[in-house]
Amino acid sequence: MCAMWRLQVTLCTLSVLSLSSAGESKARSCSEVRQAYSAKGFSLFHVPHQEVSGEHLRVCPKGYTCCTSEMEDKLSQQSKQEFEIMVEESSHNMRTTFISRHKKFDEFFLELLDNSEKSLNSMFIKTYGKLYMQNSEVFQDLFTELKRYYTGGNVNLEEMLNDFWSRLLERMFQLLNSQYHFTDDYLECVTKYTDQLKPFGDVPRKLKAQVTRAFIAARTFVQGLMVGREVANRVAKVNVVPACVKALTQMLYCPYCRGMPELKPCHNYCYNVMRGCLANQEDLDAEWNLFIDAMLLVADRLVGPSDIEAVIVPIDIKISEAIMTMQDNSMQVSAKVFQGCGQPKVSAIGRSARGISDVFSSRFRPFTPEQRPTTAAGTSLDRLVIDIKEKLKESKRFWSKLPDDICAEGKLTESDEEQCWNSHTKGRYFPEVVKGGLTNQVDNPEVILDITRPDTLIRQQIMTLRVMTNKLKNAYNGNDISFQDSSDEGSSSGSGSGCSDGCTTEFVFVGTEAPVIGADRSDERAAAAAGGKSLSCGPSIMLVMAALTLPLWAAQTQWR
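What counts and what doesn't
Residues numbered from 1 in each chain as written. Predicted model: local features only at pLDDT ≥ 70, side-chain atom pairs only at ≥ 80, totals over all residues. Heavy atoms only, no water. 1 Å grid on protein atoms, 1.4 Å probe; cavity = no way out; pocket = protein on both sides within 12 Å on 5 of 7 lines; lining within 4 Å. Points joined across faces, edges and corners; volume = space filled by probe spheres on them. Helix = DSSP H or I, 4+ residues; strand = E, 2+ residues; numbered from the N terminus. Nonpolar A, V, L, I, M, F, W, Y, C, P; charged D, E, K, R; others polar. Disulfide = S-S within 2.5 Å. Buried < 20%, exposed > 50% of the residue type's maximum accessible area, 1.4 Å probe, protein only. Contact = heavy atoms within 4.5 Å. Axes fitted to C-alpha atoms, helices over the stretch in contact; angles between N-to-C directions. Parallel < 35°, antiparallel > 145°, perpendicular 65-115°, else oblique.

Asker: How should I be thinking about empty space enclosed by the protein in this particular structure?
Answerer: Using a probe with the size of a water molecule, rolled over the atoms, empty space left in the structure can be pinpointed. Within this structure, the stated rule accounts for two cavities of 30 Å³ or more. Each pocket or cavity is described by its volume, and for the second largest cavity that value is around 30 Å³. Of all the secondary structure elements, the ones that give two or more residues to the lining of the second largest cavity are helix H7 (157-176) and helix H16 (315-328). In terms of residues, the lining of the second largest cavity owes the most to one element, H7, which gives three residues. Residues that form the lining of the second largest cavity fall into these classes: seven nonpolar, no polar and no charged.

Dropping the structure here:
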């Protein structure tokens, strides 16, 4: 009898406690959720004060909830926006690095070339005066073409340099033989003897080898910085598919619906969600790493034998040496040309016979290292390349590490594995973390993706990187590759080269006009060429040659 009574009391107590617990569950307040929801900038109009039945929910767990359908929709949109911001912010430093280093590199070379042009122009005017100014278009055209090569024009660098030396030979040959009249056909014949006569010595060959190798490396490197920048910008604008939006909402805001707005997701849970949402980005990583490796190779070329500073800075000296070599050998060159192309007709137009000593009133003296203007805010090529290489190395494996960066403990996720959101409640997250890449998402328990449909934009960027990597490898080996627009969109980037996305950001070679013997002094030197045909040279001929050669010999001695 007593035992029966105790059993009835126990059952009654349990029943009361059960009813009390159910009553408390139904009456749980949503005040914390309302506060957190309002802090996000949402209206509280649709937010209940107490939990309601969750049968209407499509994403979050059903059961008693603080979310209405309208709230779930808004939180889904919020999840998508926040994820886009996360990717933007996580990639910000890397993308900014490409933008700033591209700009810095571009500015450095443009400023270096501008200073080189100013130096050459100033010194050649002092040295050659009107002779230089009257024939400066030959050199202006050279540097115009070099500039066009830099900005993506269809310029064959070797052919353009060959054309420069041919034109220079034509001008100097006429000036050194100004007593004759030369037709266009005759001058064309003269240029055919360039390789045979080598009127400028070995300077054209050496300069062409240095310029082409250095410029190919430098312009390809700048192009690579631009491509890296554009690829990173495009890939960072992630395409958030519906399956990802659902997974993000479950991870970020379903705790709101369960009345736990402050609860952060478990780290491995976050990792699986990000692996799914960033699967296509991780597929880019392998090609990105190959691209970075190729950039580092070409960077080594820039400060090695192809050091662009070592090519540009002495360009004025090298051209002057070539001109002096032509003057020294003018008689022999003229004699061989007359022999091969025929004796030209004597010109009927006389020229001024005033002295030429005033033309060489000063010696050519390039800037010393101390005097030479600094470039690009005082930086040097070595420091600039070292800085860029360090930043490039930091960007390796960026896309495969992106889920880690976003899911950093304390930032987005909870470090306590027992006190975190595991997709349905507070507690440990048990599923394994899947590997990166689209094909591995077949095992992802959080993001259900169609692994047979890769993101088109990401595949385009993979191909862009592959093409650029091939160009970089060719540039490293000294091979010139025709640059095509590898992007599918234009860009309004502020490149110092004035280059948009569609153009090749190639290395600029802006020099200034090199000297050529001017037209108004040709009479006094005419006898020098005639001496190539007839070995009898009058005193005036020797005087002219001495006046021409002596100042240049003195200048050459100082250059060296």
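Anyway, onward from the coordinates.
Asker: What's the story with the state of the cysteines in this structure? I'm lost.
Answerer: What is meant by a disulfide is a covalent connection between two cysteines, made through their sulfur atoms. Counted according to the given criterion, the structure contains seven disulfides. A sulfur-sulfur separation of 2.0 Å characterises the disulfide bridge that pairs cysteine 189 with cysteine 341. What sets the handedness of the cysteine 189 and cysteine 341 disulfide is the S-S torsion sign, and at about -90 degrees it is left-handed. Remark: cysteine 341 occurs in helix H17 (residues 330-341) and cysteine 189 occurs in helix H8 (residues 184-191); sequence separation between them is 152 residues.

Asker: Help me understand the side chain of threonine 194 in this model?
Answerer: Here threonine 194 is to be found in helix H9 (residues 194-197). Its relative accessible area of 16% is what places threonine 194 among the buried residues. Once residues within four sequence positions are removed from consideration, threonine 194 is found in contact with Ser166, Leu169 and Pro199.

Asker: I keep staring at the packing of helix H13 (residues 267-277) against helix H14 (residues 279-302) and nothing clicks. Help me out?
Answerer: In a pair of packed helices, the angle between the axes and the distance between the axes together describe the arrangement. Axis separation between H13 and H14 bottoms out at 4 Å; the angle between their running directions is 75 degrees. As judged from the angle between their axes, H13 and H14 are roughly perpendicular. Facing H13, whose interface residues are Met274, Arg275, Gly276 and Cys277, H14 presents Ala279, Gln281 and Glu282. For the contact of H13 with H14, the per-class residue count stands at three nonpolar, two polar and two charged.

Asker: Explain H13 to me, please; I cannot follow it from the model alone.
Answerer: Since the α-helix turns once every 3.6 residues, residues separated by three or four places project in the same direction. Extensive coverage of H13 is indicated by the burial of nine of its eleven residues. Among the residues of H13, those classed as buried are Tyr269, Cys270, Tyr271, Asn272, Val273, Met274, Arg275, Gly276 and Cys277.

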